[in-house]
Structure formats: C-alpha cells, structure tokens
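One letter stands for each residue in the lines below.
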Amino acid sequence: MVEGFTGKFTGNFTQQGPIPEDAIAAAVEVMRSGRLHRYNVASGEAGDVALLEQEFAQSVGAKYCLAVASGGYAMSCALRALGVKPGDKVLTNAFTLAPVPGAIASVGAVPVFVGVTEALVIDLEDLAAKADQADVLMLSHMRGHICDMEALMQLCDAHVVRVIEDCAHTMGAAWRGVPSGRFGVMACYSTQTYKHVNSGEGGLLISDDAELMARTVMLSGSYMMFDRHLAVPEPEVFASIKYETPNMSGRMDHLRAAILRPQLARLKDQVEAWNARYGVLEEGLRGTPGLRIVERESDEAYVGSSIQFLLLDWDTAKIGEVLARCAARGVELKWFGGAEPAGYTSRYDSWRYAPSVAMPASDRVLNGVVDMRIPLTFSLEDCALIARIIRAEVGAVWQAG
Ligand SMILES: *Cc1c(COP(=O)(O)O)cnc(C)c1O
C-alpha cells in the first residue's frame, strides 16, 4: 500500500506527438503542386500514394499493398474481394472495437462472435466450435494481443476458413519474427490518429494473392489506372476482373501519403518509445493486490501503444469506484465491461444489429478488462506516476473490500 500518496497526473490522454517536420514539408510540397488525387501525377512521377504502398509492402514483406481512405474501408474492401455476400456469416472477435463488426455489417454480412481468453486473445477452442459456421474470419489483434498464430492458421486451414487480419493495433508488431498481417490471406491497417502512424484518417491493405489484390484495387476506385500503382499484380490479372468489379471509391490521397511516408520510416523508433512506456507501466502495476497483469508471450513482439489489466471477478460497482478515483487524479481508464457503450469501448452485446449468444467465460474476462491509452507525449516519469496512482487506488478499493 502507498499510504498518503496523493500525486495527481495532469497530462492529456488524447494528445499525440506532432507530425514530424519533414512530413509537414512533404505535405506542403504536395499542396503547392496542386496534385492531391493519387492518379494526378506529373509524367515520370510515381506519387506519394504509390510510393507509400511500395514502402509499406517492403516493410512487412508483402507482395502487394493498397492505400485506402480508412482502416474500416480496408476491412470492408477485403471482405468484398473475398466474395462475402449479404447474409453470409463472418467469424470475428467478441473483444474488439465497433469498426470491426461494422465492416462486416457494411457488406450485409452477419458477425459470429468468438470468445476471448484471459490473455485477451481470441479463444481458439471457441473458434474451433464455431469454425463451420463461416468461410471467413476477420481476426482482430485487439489492443495488440496476438494469439498463437500457427495454431490459429492450422485450425482455420483445417476448416477452410480464410483469415483477414485486422492489424489496427499491430502495425510494427510480429509473432515469432513474422510481421503481424503476414499470416492471413489479407491484412488491414489503420493510419488514423489513434493508431501507430497518424494521417488523421487512412488505411492500408496487404496481400500476396494477385486476384484478391486486383479486386481491392478496382473496388477502391482505380478506374483503369491500376498501371500507376507500384505494388499491384501484373496487368493480366486485372484483365479478367476489371469488368465485373464495381468501383466503390475509398482511395487515399497524396497529402496523407506524404505525411505517412516519413512516419513509416520512423516506426521502429516509435515502437521502442511505446514499449519503454509500456514496460514502466507494467512493472509499476505488477504485484498490485487484486489486479492481474496481462502477461505477454515471449513469441509476441508487441507495440505497447495501450495497456490493459484485469480486475477479474470484481464487483462492477468496485470497478466503477477505481475508475472514478483514478479519474479524479487525472488518470483516464476505460472499462470494456460497461453495459452501456461509452467513448471507444463497447461490448459484443451492445452491437444490437448483430445477433449474439451469451458467452459466460468471455463475459467474465470482458467484465474485468480495464484499458489505458499510452500517448507518446507521456514521459517515462509520467508513466511511473500513472502506475503509482492506479496502484494506490486499486489497492485502496481492494482493501476496503
Ligand atoms: C481503429 C480500428 C479499426 C478501424 O480503423 P479506422 O481507420 O478508424 O476505420 C479497426 N479495428 C480496430 C481494432 C480499430 O481499433
């Protein structure tokens, strides 16, 4: 117990770092050129969007890459490319954020929610039990927690379930040395402000599958200008699909790509900065009575852009008390167990457009998940202070019983 510790944190949980100066300069150059649309390029010029796609593909070792308007668009585009139709079922995580079931709903499909373990990854037993209900799994690496990817792929291959990876929280992460997003047939990333690179809005889609990728390019609104891309399949692949694939515009523009390219080049440093902060928080919280750390697998190279801990089997009123006490000391915690969706947190049963069956084991975990963002504007000292505050408040509520 930390008796008499009354420190208060005054930082801002939604304040990002600035866009790097070279990225700002690149954006200004795009604006001066007047050529903001991705296919508006001077002769001999590739354009920032095509270069971003090429650079991102190289950074994860993918054959193909497409930049789009948002992470959610990337997911719906991937589902369409796979031929998911209205009424089809799509497996997905019960523990994720609203854009994931939303992407499934956007193509008229129906999510089938798969449970979550105490390690905050998809429950492979539950997945095995439900795998025959659908041909596609939209796998959300929610909050950057990566499940045993070999086991998951083995299971999905055995049930002929194709996997789309939602890597909104795992850009820069890896499983046993393989970049997150390289296991499924396609993977989607978000470049929205709260993710690992910041262009306000934006998304990236990768694949090694030529035909699927050609479809996503057409879907994104390439008209017949797919030859201006640098990370797409050969023109022959487009020949067969260009007449039958509708244009559902969702392109990225040069302005966003221009500010993303320098950020992508620095992603490794950012990941280190996040993990240093994560480490301070994790160590600061370890051993707090009543609080369970979500231990990370050694096979997992994660990006600690947020941290979760469990107040497992706590009374909900007591969890509310912890959150209120921490908030009073400037520490903004989010709770995934709330019956009423709030801020960015919601539960599978709050998405009422999608049917759901109660999952008691998952509910037990979700009821205890507390979440905190880690903006890079926090210093290591800030993180140590935050951990002390959480430790003191969790301890105080726990001791009061
Ligand atoms: C943010 C997010 C998305 C969607 O990204 P947008 O770019 O906001 O559309 C998808 N999945 C998860 C888990 C996310 O957090």
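Note that the structure is a prediction, hence the values are computed from the model and not measured.

Draft legend 1. Up close: the sheet that holds strand S9 (residues 203-207). Across the sheet, seven strands lie side by side as S1-S9-S8-S5-S4-S2-S3; this open sheet has mixed pairing. The open sheet is flanked by strand S1 (64-68) and strand S3 (110-114), the only strands paired with a single partner. Strand-to-strand twist in this sheet, taken as the mean axis angle between neighbours without regard to direction, amounts to 20 degrees. Relative to the sheet, helix H7 (residues 210-219) contacts S1, strand S8 (186-190) and S9, its axis offset from that of S1 by approximately 20 degrees.

Draft legend 2. Main features of the domain arrangement of the protein chain. Partitioning the protein chain into structural domains gives domain 1 (21-265) and domain 2 (267-400). Taking only C-alpha atoms into account, the centre of domain 1 sits 27 Å from that of domain 2. Taken together, the contact pairs 38 residues of domain 1 with 34 residues of domain 2. Summed over both sides, the interface of domain 1 with domain 2 buries roughly 2900 Å², with 62% coming from carbon and sulfur. Joining domain 1 to domain 2, the criterion identifies four salt bridges. We note a salt bridge from Glu-118 to Arg-364, for which the minimum N-O separation is 2.9 Å. Run the count over domain 1 and domain 2 and you get 14 residue pairs in polar contact (both at pLDDT 80 or more). The set of elements that each furnish at least two residues to the side of domain 1 that touches domain 2 consists of helix H4 (99-106), S3, helix H5 (124-130), strand S6 (174-175) and helix H9 (254-265). Here the side of domain 1 that touches domain 2 gets four residues from one element, more than from any other, and that element is S3. In the side of domain 1 that touches domain 2, the residues fall into 23 nonpolar, nine polar and six charged.

Draft legend 3. Expanded view of the pattern of salt bridges. Evaluated as defined, the whole model comprises 24 salt bridges. The shortest N-O distance in the salt bridge between Asp-126 and Lys-130 comes to 2.9 Å. With a gap of four residues between them, Asp-126 and Lys-130 both fall in helix H5, about one helical turn apart. Taken individually, Asp-126 and Lys-130 each receive the classification buried, so the pair is uniform in this respect. A salt bridge links Glu-282 to Arg-286; the shortest N-O distance between them is 3.8 Å. By relative accessible area, Glu-282 is classed as buried at 10%. With relative accessibility at 30%, the residue Arg-286 sits in the partly exposed group. Salt bridges sharing common partners tie together Glu-118, Arg-292, Asp-313 and Arg-364.

Draft legend 4. Broad picture of helix H10 (residues 267-285). Between its terminal C-alpha atoms H10 stretches 27 Å, which fits the 27 Å expected from 19 residues at 1.5 Å a residue. All of the buried residues in H10 are Leu-267, Val-271, Trp-274, Arg-277, Tyr-278, Leu-281, Glu-282 and Leu-285. Summarising the axial view, the buried residues of H10 lie within an arc of 140 degrees, below the 170-degree limit, and thus occupy one face. In H10, those exposed residues whose orientation departs by more than 90 degrees from the buried face are Lys-268, Asp-269 and Glu-272.

Draft legend 5. Examining the state of the cysteines more closely. A full pass over the atoms with the stated rule returns zero disulfides. Left without a disulfide partner, Cys-167 is nearest to the cysteine sulfur of Cys-188, which lies 7.6 Å away. By relative accessible area, which is 1% here, Cys-188 ends up buried.

Draft legend 6. Examining the sheet that holds strand S11 (residues 300-301) more closely. Read from one edge of the open sheet, three strands run S7-S6-S11, paired in antiparallel fashion. At either margin of the open sheet sits one strand with a lone partner, and together these are strand S7 (178-179) and S11.

Draft legend 7. Examining the site of the ligand more closely. Taken together, 16 residues lie around the ligand, and Gly-72, His-169, Ser-190, Gln-192 and Lys-195 are the ones closest in. Here Asp-166 contributes a side-chain N or O atom positioned 2.8 Å from a nitrogen atom of the ligand. Lys-195 has a polar side-chain atom sitting 3.0 Å from an oxygen atom of the ligand. Secondary structure elements with two or more residues in the shell around the ligand: helix H3 (71-81) and H4. The element best represented in the shell around the ligand is H3, accounting for three residues.

Draft legend 8. How the structure looks around unusual backbone geometry. Of note in this structure, Tyr-223 is not a glycine but carries a positive phi near 50 degrees. The residue Tyr-223 is located in the loop between H7 and helix H8 (235-241) in this model. In this model, Asp-313 sits at a positive phi of 65 degrees, which is unusual for a non-glycine residue. Its relative accessible area of 56% is what places Asp-313 among the exposed residues.

Draft legend 9. Main features of the packing of H3 against H7. Closest axis-to-axis distance for the H3/H7 pair is 9 Å, and the angle between their directions is 125 degrees. What the angle tells us is that H3 and H7 run oblique. Of the two elements, H3 crosses H7, and the hand of that crossing is right-handed. Each of Tyr-73, Cys-77, Arg-80 and Ala-81 in H3 lies in contact with H7, whose residues at this interface are Leu-212, Arg-215, Thr-216 and Leu-219. Partitioned by chemical class, the residues of the contact of H3 with H7 number five nonpolar, one polar and two charged.

So, how was this worked out
Residues numbered from 1 in each chain as written. Predicted model: local features only at pLDDT ≥ 70, side-chain atom pairs only at ≥ 80, totals over all residues. Heavy atoms only, no water. Pairing = 2+ DSSP bridges. Helix = DSSP H or I, 4+ residues; strand = E, 2+ residues; numbered from the N terminus. Axes fitted to C-alpha atoms, helices over the stretch in contact; angles between N-to-C directions. Contact = heavy atoms within 4.5 Å. Domains from an automatic or database assignment. Buried area = accessible area lost by both parts, 1.4 Å probe. Salt bridge = Lys/Arg side-chain N within 4 Å of Asp/Glu carboxyl O. Polar contact = N/O pair within 3.5 Å; in protein donor to acceptor, adjacent residues only side chain to side chain. Nonpolar A, V, L, I, M, F, W, Y, C, P; charged D, E, K, R; others polar. Buried < 20%, exposed > 50% of the residue type's maximum accessible area, 1.4 Å probe, protein only. Expected span 1.5 Å × (residues − 1). Arc of directions from axis to C-beta. Disulfide = S-S within 2.5 Å. Near = heavy atom within 4 Å. Parallel < 35°, antiparallel > 145°, perpendicular 65-115°, else oblique. Left-handed = near helix turned anticlockwise from the far one by under 90°.

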